[in-house]
Amino acid sequence: MREERRLDEADGPPGAAQDLAAADETADGGRDSSTVAYLKIRSDILAGRAAPGSYLNQVHIARDLAISRGPLREALRRLENEGLVVPEKNRRSRVAELSASDAEQLYALRCVNERLAIELSVPLLTEDDLREMADAFAAMQASDTSDEDDWEAAHQRFHELALTRAPGRIYRVVRELREHAGRYIRLLHVTGAHPFALMEHEQLLAAAREADAARAAQIVTSHLSRTAFGVLTFIDPRYEPAALRQLVRRMLGDPTVTPG
C-alpha cells in the first residue's frame, strides 16, 4: 500500500501556484521593495537575461523597479550570499561567471542532495502524483525538440513531482540547486540528446510507480552525472573533475565512470 498524505507548509515544499503567487506580489501587497528587487534580478540571472559576467546597472534597475538604492543594495547582498552576484569596488555588482569549478561543485551537491530527496520522496508519492508525472513525461515526449522552452517546462515539472514528497528543508535545498544548474544546462544544445533523456525519465517513472527508492536514486545519480560531465566538457574540455568522479564512483559503484 502506498502511503497517502498531504503536504503542509511546515513539512513540505511550497506548490508551484504558491511560488507564482508570491513572485507576483508587489511591495504594496505586503512584499517589501528589497524582496521585489531580489526576485526580479534573480529571475533575470537564472533565465540568462542577465548575462554571466555582466555588470548590473543599479541606477537603471532602481528606476525600472521604482525603488530606492537602499533596498536594491539589500537585494544584491542576498544575491551575493546565494553566489549569483559578485561585489566589486565602488559598490558595483556583476553577475557571477560560469566556470567548470563552480559547475563541478554544483553537480556534486546535486548528486548528494537530490539522491537523498528522491529516496525519501518516492515511497510517499500518491497516485495523483504519479498520474501528473506521467502527464509531464507525455508532454516531454510530445514537445518539439527544437523548442527547448517547452521541453524544459515539462522536464522541470516532472522532477518537481518526483521530489514533491521530500521533507521541506531538503526539498528547498534541492530546488535552489536545480535552479542554479539551469544556468549551465542552457549551454548544452546537444543534437540527439532528448531520446536518451526520455529513456532515463521513463525508467525513473517506472521506479516511482514501483515505489523503488533505491532504483530511483541510482537513475537520478546517473542522469545528473551524465549531464554534469557534458556541461564540464562544454565549458572546458581540459578540466578534470576529480572530486565529482570520485563521488559518482562511490554512489554508483562503478570504478570506470566516464563522460558521456
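For the structure, see preceding data.
Attention in this report is confined to the structure presented alongside it.

Cut-off values and rules
- Numbering of residues begins from 1 in every chain and follows the order in which that chain's sequence is written.
- For this predicted model, a pLDDT threshold of at least 70 governs which residues receive local features, and a threshold of 80 or more governs which side-chain atom pairs are given and counted, while totals over whole chains, interfaces and linings are taken from all residues.
- Only hydrogens and water are removed before side-chain values are computed, so all heavy atoms of the structure are retained for them.
- A carboxyl oxygen of Asp or Glu within 4 Å of a side-chain nitrogen of Lys or Arg is what we treat as a salt bridge.
- Numbering of helices and strands starts at the N terminus; helices are DSSP runs of H or I of at least 4 residues and strands are runs of E of at least 2.
- The rule is simple: take the accessible area with a 1.4 Å probe, protein chains only, and divide by the maximum for that residue type; under 20% is buried, over 50% is exposed, in between is partly exposed.
- Here the expected length of a helix is defined as 1.5 Å per residue gap, with one fewer gap than residues.
- In this analysis, two residues are considered to be in contact whenever any of their non-hydrogen atoms come within 4.5 Å of each other.
- Here a cavity means grid points, on a 1 Å grid over the protein atoms only, where a 1.4 Å probe fits yet cannot get out; a pocket means an open set of points with protein on both sides within 12 Å along at least five of seven lines; lining residues are those with an atom within 4 Å of a point.
- Grid points are joined across faces, edges and corners, and a volume is the space filled by probe spheres set on the points.
- Only Asp, Glu, Lys and Arg are considered charged, only Ala, Val, Leu, Ile, Met, Phe, Trp, Tyr, Cys and Pro nonpolar, and every remaining residue, Gly among them, polar.
- Here the arc refers to the directions that run from the helix axis out to each C-beta atom.

## Some words on the pattern of salt bridges
And step 1. This structure, assessed with the given rule, holds 16 salt bridges.
And step 2. The shortest N-O distance in the salt bridge between Asp129 and Arg165 comes to 2.8 Å. Of this pair, Asp129 sits in helix 6 (residues 127-142) while Arg165 sits in the loop between helix 7 (148-163) and helix 8 (168-185), placing them 36 residues apart in sequence.
And step 3. Note that Glu200 is salt-bridged to Arg226, the shortest N-O span being 2.8 Å. Here Glu200 is found in helix 9 (residues 193-209), whereas its partner Arg226 is found in helix 10 (residues 213-235), with 26 residues between them in sequence.
And step 4. You can call Glu200 buried: its relative accessible area is 6%.
And step 5. Through salt bridges with shared partners, one network takes in Lys40, Asp44 and Arg49.

## What about helix 8?
And step 1. For helix 8, built from 18 residues, the straight-helix expectation of 26 Å at 1.5 Å per residue is met to within 8% by its first-to-last C-alpha distance of 25 Å.
And step 2. Every buried residue belonging to helix 8 is among Gly168, Tyr171, Val174, Leu177, Arg178, His180, Ala181, Gly182, Arg183 and Tyr184, and all of these are buried.
And step 3. In the core, the buried residues of helix 8 are packed alongside helix 2 (33-46), strand 2 (93-95), helix 5 (100-121), helix 7 and helix 10.

## Topic: the layout of surface pockets
And step 1. As a volume, the second largest pocket reaches approximately 220 Å³.
And step 2. What lines the second largest pocket is a set of 14 residues, and nearest its centre among them are Glu82, Gly83, Asp102, Leu106 and His180.
And step 3. Elements represented by at least two residues in the lining of the second largest pocket include exactly helix 5 and helix 8.
And step 4. Top contributing element to the lining of the second largest pocket by residue count: helix 8, with five residues.
And step 5. Residues belonging to the lining of the second largest pocket are distributed by class as follows: six nonpolar, three polar and five charged.

## Some details on helix 11 (residues 242-252)
And step 1. All of the buried residues along helix 11 are Leu244, Arg245, Val248 and Met251. In a view along the axis of helix 11, the buried residues occupy a sector of 135°, so they form one face of it. Projecting away from the buried face of helix 11 at angles above 90 degrees are the exposed residues Ala243 and Arg250.
And step 2. Buried positions along helix 11 lie against helix 5 and helix 10.
And step 3. In the stretch just after helix 11, Gly253 is the one whose phi turns positive, near 65°.

## Remarks on unusual backbone geometry
And step 1. Although it is not a glycine, Ala66 adopts a positive phi angle of roughly 55°.
And step 2. Mapped onto the fold, Ala66 is located in the loop between helix 3 (58-65) and helix 4 (69-81).
And step 3. Positive phi is not limited to glycine here, since Arg91 has a value of about 60°.
And step 4. Assignment of secondary structure puts Arg91 in the loop between strand 1 (85-87) and strand 2.
And step 5. For Arg91, a relative accessible area of 59% gives the class exposed.

## A few points about empty space enclosed by the protein
And step 1. For the structure on display, the rule yields one cavity of 30 Å³ or more.
And step 2. One number sums up the size of the largest cavity: a volume of about 30 Å³.
And step 3. Residue lining of the largest cavity: His159, Glu200, His201, Leu204, Ile219 and His223, and that is the complete set.
And step 4. Of all the secondary-structure elements, those providing two or more residues to the lining of the largest cavity are helix 9 and helix 10.
And step 5. When residues in the lining of the largest cavity are grouped by element, the largest group, three residues, is from helix 9.
And step 6. Class assignment for the residues of the lining of the largest cavity results in two nonpolar, three polar and one charged.

Purely geometric numbers; function is a separate question.
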